[in-house]
Amino acid sequence: LGGIMLSDSTKLLAETARKIGLNFVNEHDPESKFIKVNSLDLHYMDWGTSGKIPMLLLHGGAQNAHMWDYVGLSFSSDFHVIALDQRGHGDSDWAHDGDYSLEKHQGDIEGFIREVGIAPFNLVGLSMGGQNSTVLTANNPDWVKKVVIVDVGPEVQGEGIQEIRSFTSLPDELDSFEEFVERVAVYSHLRPIEQIRSSLKHNIKQLPNGKWTWKTDKALRDPSRSREAPPTEYLWECIAKIACPALVVRGGESKVFAEETGIAMVNLMANARMVTIEKAGHRVSGDNPVGFEKALVQFLDAD
């Protein structure tokens, strides 16, 4: 490493990546940055490397930019990897008016892209981030070179969505960090405990009263909150407009994204294919990082 000092979190990330057999070349700390967009301070992780083709990563609901840490580690030697905390998530500001509509997300992401100046770029989005990626690509075809839509489509399965909502609606203040580790370990049974512990360091925070809670806006975790899903018909229209190379990724054990929906998406797009990652649920890139990396490499390397 030539004497480069690494943070403890990066050392742990690289250590766990080696254990699971993930391929990576450079071992370095990403930069944590903030930028003002639509009166919100949006946080993002910049993995470098400047001058390379940019790769923008959009996380799922109740997640944050660090869900892409394995991707950043693996791809930052060949791409300028940027992972954004979308409004209300991670270290970005919560929406002042509680508005987390598709329209507001699009405004944030488009504003972020203009401010950072990364277009054209490759785009990867999971779940909520995948729907945002679908709309962004359809409406800004000159910006996106290739798009990867992970475990989401215009239609999702009710069983899987309800399972996610039941989890995020559990009591959100616990007495210790390890209590959260134990809770997530039951929910994310495909992940080793050290991986869960590492990711939770970026997704929960300690309150002044000593308890621990999620960083995600409490409004998004409120089970009584009305949830306006993006209109299905509009999302299908966006899928049909995508002309750039597209990869649809499905977790083999996903309860959210049906294979038939993925096939229908591929058939509508001009240049698309689908891959199923075995031993992965909805959060594919974290459940099976090695399988996800291989699929991403194959897609990005193809002409």
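Whatever comes next refers back to the structure up there.
Conventions we followed
Residues numbered from 1 in each chain as written. Predicted model: local features only at pLDDT ≥ 70, side-chain atom pairs only at ≥ 80, totals over all residues. Heavy atoms only, no water. Helix = DSSP H or I, 4+ residues; strand = E, 2+ residues; numbered from the N terminus. Buried < 20%, exposed > 50% of the residue type's maximum accessible area, 1.4 Å probe, protein only. Contact = heavy atoms within 4.5 Å. Phe/Tyr/Trp six-rings, centres within 6.5 Å; stacked < 30°, edge-to-face > 60°. Arc of directions from axis to C-beta.

Visitor: So what's going on with the environment of T276? Which residues, and what values?
Guide: Inspection of the secondary structure assignment puts T276 in strand β10 (residues 272-277). Given a relative accessible area of 29%, T276 falls into the partly exposed group. Through-space distance from the C-alpha of T276 to that of E173 is 36 Å; in sequence the pair is 103 residues apart. Not counting residues within four places of it along the chain, the set of residues in contact with T276 comprises R250, G251 and G252.

Visitor: If you had to explain the packing of aromatic side chains to someone new, which residues and values would you point to?
Guide: Scanning the model with the defined rule gives seven aromatic pairs in all. A ring pair is formed by W68 and F292, whose centres lie 6.3 Å apart and whose planes are at 40°; its orientation type is tilted. Taken as a pair, W68 in the loop between β3 (53-58) and α2 (69-75) and F292 in helix α12 (residues 289-301) lie far apart in primary sequence, 224 residues in all. F292 shares its class with W68; the two are buried.

Visitor: Pulling in residues and values, what's your account of helix α5 (residues 158-168)?
Guide: Within the span of α5, buried status applies to G160, F167 and T168. All buried residues of α5 project into a common sector of 95° when viewed along the axis, lining one side. Structural note: α5 exposes G158 and E159 on the side pointing more than 90 degrees away from its buried face. Where α5 is buried, its residues contact α6 (177-187), β8 (212-214) and α8 (218-221).

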